[in-house]
There are 2 protein chains.
Amino acid sequence: MPLSMYDASVTVFLHNLNQLSHLLDKGQAHATAAGLDPAALIGARLAEDMLPLSKQVQIASDTAKLAAARLTGLTAPSYEDNESTFEELKARIAKTREWLQGLSREAFAASEERAVSFKAGPTELNFVGQGYLLHFALPNFFFHVTTAYDILRHKGVPIGKRDYLGRA
Amino acid sequence: MPLSMYDASVTVFLHNLNQLSHLLDKGQAHATAAGLDPAALIGARLAEDMLPLSKQVQIASDTAKLAAARLTGLTAPSYEDNESTFEELKARIAKTREWLQGLSREAFAASEERAVSFKAGPTELNFVGQGYLLHFALPNFFFHVTTAYDILRHKGVPIGKRDYLGRA
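Quick caveat, the model's predicted, so the values are computed rather than measured.

Colleague: What is the right way to read the overall build of chain A from this model?
Modeller: Regarding its fold elements, chain A presents 6 helices and 2 strands. A compact globule built from 168 residues would reach a C-alpha radius of gyration of about 15 Å, and chain A, at 16 Å, matches this within 12%. With the C-alpha coordinates of chain A rotated into their principal frame, the extents come out at 50 × 40 × 25 Å. In chain A, which comprises 168 residues, the share counted as buried stands at 55%. Considering only residue pairs separated by 6 or more positions, chain A has 70% of its internal contacts joining residues 24 or more positions apart. Accessible area for chain A stands at about 6900 Å²; split by element, carbon and sulfur atoms hold 51% of it. Taken together, the 17 basic and 18 acidic charged side chains of chain A have centroids lying 4 Å from each other.

Okay, structure coming up:
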């Protein structure tokens, strides 16, 4: 079986969003155990002008659902980006995963060649499906999942590579 | 054309290693402009028990060349992990890219189904090619490239998402 666009997108997003939820569990447990304000962890960032943990999670969710929508022509659900607790961020991930789980492999047929155009700020970006997935959606998705990990790790949450990968 | 294992591995590694070299250029220029010790930036980490920038670059290189080797049955070049300057780290990336550029698409034929087994510490990991690429090699590769970015950004290097993605 050749590699499918579905596997290279949906299965990757599902697995790594699950790991992101696990990382948030670890963050929440650490806040409780260390007597830290959970809100401080959720608002933590690696540089003053970088986005906080909450936003990294929201964008990881957006990157995954928008990629699947653009590759299939379906419409992704829209969320308000108002999550401010660990529970709310995990619920955001859960509903993103639920929507992704409802997509069929068939919906991704020929998505390698599908025209994908959208605006990023003022710039119109034009891709074909394969290049969009490999050189925009996946790098972006992993950027935000990893930066969420790096923020938690920087703030002392006891996590390691296995918590990110989901296996040894 | 269906998605190929070559495109989902080699072209992704080549592009993002090039961006990693660009991020190091930005770090080097910032050290010069701000009068910082380049060695301090190369040794910077996000947590005391996390790996420094130099090691993130070395592992990004390793992840890319080992993935290509394991998917093709070829032997990856071995490097000494002794790079300690921006120039040396960029040379490490350049030689990794040069080796990847020499691989043929044909070498990746049927690599979706290839058995991939190796030791990670004491643990023997067993994959088939597709799962290895999607759920181990790519997440690991992007983890180290992004963490290199996050270390530089945390230390004040003026970089943004475009410097990571290589496009708007």
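There is more to say, and it comes next.
Colleague: Would you mind showing me how to read helix α4 (residues 86-101) of chain A here?
Modeller: Structural remark: α-helix, 3.6 residues per turn; residues separated by three or four positions point the same way. Residues and elements named next belong to chain A. Between the first and last C-alpha of α4 there are 22 Å, a value that for 16 residues agrees with the 22 Å anticipated at 1.5 Å per step. Looking at α4, one finds that the buried residues are F86, L89, K90, R92, I93, T96, R97, W99 and L100. Tucked inside the fold, the buried residues of α4 contact α1 (5-34), α2 (38-42) and α3 (53-72).

Colleague: Got a minute to help me understand the relation of the copies chain A and chain B in this structure?
Modeller: Put simply, the second copy of the chain is the first one after a rotation about an axis and a shift along it. Overlaying chain A on chain B yields an RMSD of 0.0 Å, the required transformation being a rotation through 180° with an accompanying axial translation of 0.0 Å. In the structure described here, the two chain copies are related by an operation that fits a two-fold rotation axis. The overlap is high: 100% of the interface residues of chain A also sit at the interface in chain B, so the same surface is used on both sides.

Colleague: Sorry if this is basic, but what is going on with the packing of aromatic side chains here?
Modeller: Note on aromatic pairs: each is described by the distance of the centres and the angle between the planes. The full count for this structure, using the stated rule, is 25 aromatic pairs over all chains. Summarising the aromatic geometry, the rings of F118 of chain A and Y132 of chain A are spaced 5.7 Å apart at their centres and angled 75° between planes, so their arrangement reads as edge-to-face. Of this pair, F118 of chain A sits in strand β1 (residues 115-120) while Y132 of chain A sits in helix α5 (residues 129-154), placing them 14 residues apart in sequence. Plain terms: the ring middles of Y149 of chain A and F143 of chain B are 5.0 Å apart, the flat faces sit at 75° to each other, and that makes the pair edge-to-face. Linking Y149 of chain A in helix α5 with F143 of chain B in helix α5 (residues 129-154), this pair reaches from one chain into another. Judged by relative accessible area, Y149 of chain A falls into the buried class, the value being 3%. Each member of the aromatic cluster is reached from another via a ring pair, and the members are F13, F141 and F142 of chain A together with F13, F141 and F142 of chain B. Above the ring of F118 of chain A, the side-chain terminus of R70 of chain A is found at 3.7 Å from the ring centroid.

Colleague: Looking at this structure, how should I read the packing of helix α1 (residues 5-34) of chain B against helix α4 (residues 86-101) of chain B?
Modeller: For any two helices packed against each other, one specifies the inter-axial angle together with the distance between the axes. Residue and element names in this part refer to chain B. Taken N-terminus to C-terminus, the directions of α1 and α4 make an angle of 165°; their axes are 10 Å apart at the nearest point. Classed by the angle they form, the pair α1 and α4 counts as roughly antiparallel. Judged by the sense of rotation from one axis to the other, the crossing of α1 with α4 is left-handed. Where α1 abuts α4, its residues V10, F13, L14, L17, N18, L20, S21, L24, D25, G27 and Q28 lie against F86, E87, L89, K90, I93, T96, R97, L100 and Q101. Taken together, the residues that form the contact of α1 with α4 break down as 10 nonpolar, 6 polar and 4 charged.

Colleague: Looking at this model, I keep getting lost on the interface of chain A and chain B. Mind explaining?
Modeller: By a widespread convention, an interface's size corresponds to the accessible area lost as its parts come together. Counting from both sides, the interface comprises 42 residues of chain A and, opposite them, 42 residues of chain B. Carbon and sulfur atoms supply 61% of the area buried between chain A and chain B, which totals about 3900 Å² over both sides. Put simply, chain A and chain B have 2 salt bridges between them. If you look at where chain A meets chain B, you find 18 residue pairs in polar contact (both at pLDDT 80 or more).

Colleague: Looking at this structure, I do not really get the pattern of salt bridges. What am I missing?
Modeller: Opposite charge on two side chains allows them to pair when their charged atoms are near. Residue and element names in this part refer to chain A. All chains considered together, the criterion is met by 20 salt bridges over all chains. The partner of K65 in a salt bridge is D62, with the nearest N and O atoms 3.1 Å apart. Of this pair, K65 and D62 are both found in helix α3, 3 residues apart, which corresponds to roughly one turn of the helix. A single burial state applies to K65 and to D62, both of which are buried.

Colleague: Is there a simple way to think about the pairing of strand β1 (residues 115-120) of chain B in this case?
Modeller: It is a general feature of regular strands that their side chains alternate between the two faces of the sheet. Residue and element names in this part refer to chain B. Note that β1 and strand β2 (residues 123-128) share 6 bridges and pair antiparallel. Its bridge partner lying in β2, A115 is registered against V128. In this antiparallel pair of consecutive strands, β1 and β2, the connection spans 2 residues, and G121 shows a positive phi of 65°.

Colleague: Explain the side chain of S21 of chain B to me, please; I cannot follow it from the model alone.
Modeller: Note that S21 of chain B resides in helix α1. Contact partners of S21 of chain B, with chain neighbours within four places excluded, come to K90 and I93 of chain B.

Reading guide: rules and limits
- Throughout, a residue's number is its position along its own chain's written sequence, starting from 1.
- The order in which chains are written sets their letters, starting at A; the order in which ligands are written sets their numbers, starting at 1.
- In keeping with the model being predicted, local features are shown solely for residues with a pLDDT of at least 70 and side-chain atom pairs are shown and tallied solely at 80 or more, while totals for entire chains, interfaces and linings include all residues.
- The side-chain values count all of the structure's non-hydrogen atoms but skip hydrogen atoms and water molecules.
- Numbered from the N terminus, helices here are DSSP runs of H or I no shorter than four residues, and strands are runs of E no shorter than two.
- When we talk radius of gyration, it's over C-alpha atoms, and the globule rule is simply 2.2 Å times the number of residues to the 0.38.
- Exposed residues in this analysis have more than 50% of their type's maximum accessible area, buried residues have under 20%, and partly exposed residues fall in between, with area computed by a 1.4 Å probe over protein chains only.
- What makes two residues a contact is simply this: any of their non-hydrogen atoms within 4.5 Å.
- Using a 1.4 Å probe, accessible areas were evaluated by the Shrake-Rupley method; residue-level cover was limited to the displayed protein chains.
- A residue counts as positive if it is Lys or Arg and as negative if it is Asp or Glu; His and the chain ends are not included.
- To locate a charge, take atom NZ for lysine, CZ for arginine, CG for aspartate or CD for glutamate.
- Here the expected span of a helix is defined as 1.5 Å times the quantity of residues minus one.
- Alignment of copies: least-squares fit on C-alpha atoms of residues with pLDDT of at least 70 in both copies.
- Geometry of aromatic contacts follows a simple scheme: Phe, Tyr and Trp rings, the Trp one being its six-membered ring, pair when their centres are within 6.5 Å, and the pair is stacked under 30 degrees between planes, edge-to-face over 60, tilted otherwise.
- By definition here, charges over rings are those cases where NZ of Lys or CZ of Arg is within 6 Å of the ring centre and within 35 degrees of the ring normal.
- Helix axes are fitted only over the stretch in contact, all axes being lines through C-alpha atoms; the angle between N-to-C directions runs from 0 to 180 degrees.
- In what follows, roughly perpendicular refers to angles from 65 to 115 degrees, roughly parallel to angles under 35, roughly antiparallel to angles over 145, and oblique to any angle outside these ranges.
- The sense of a crossing depends on the near helix, which, turned anticlockwise from the far helix by less than a right angle, makes the crossing left-handed and, turned clockwise, makes it right-handed.
- Here the nonpolar group is Ala, Val, Leu, Ile, Met, Phe, Trp, Tyr, Cys and Pro; Asp, Glu, Lys and Arg are the charged ones; every other residue, Gly included, is treated as polar.
- Put simply, buried area is the surface a 1.4 Å probe can reach on two separate parts but cannot reach once they are joined, added for both.
- In what follows, salt bridge is the name for a side-chain nitrogen of Lys or Arg lying within 4 Å of a carboxyl oxygen of Asp or Glu.
- Pairs of N or O atoms within 3.5 Å make up the polar contacts considered here, provided that, within protein, one atom can donate a hydrogen while the other can accept it, and that residues adjacent in sequence are counted only when both atoms are side-chain atoms.
- In this analysis, strands are considered paired if DSSP registers two or more bridges between them.

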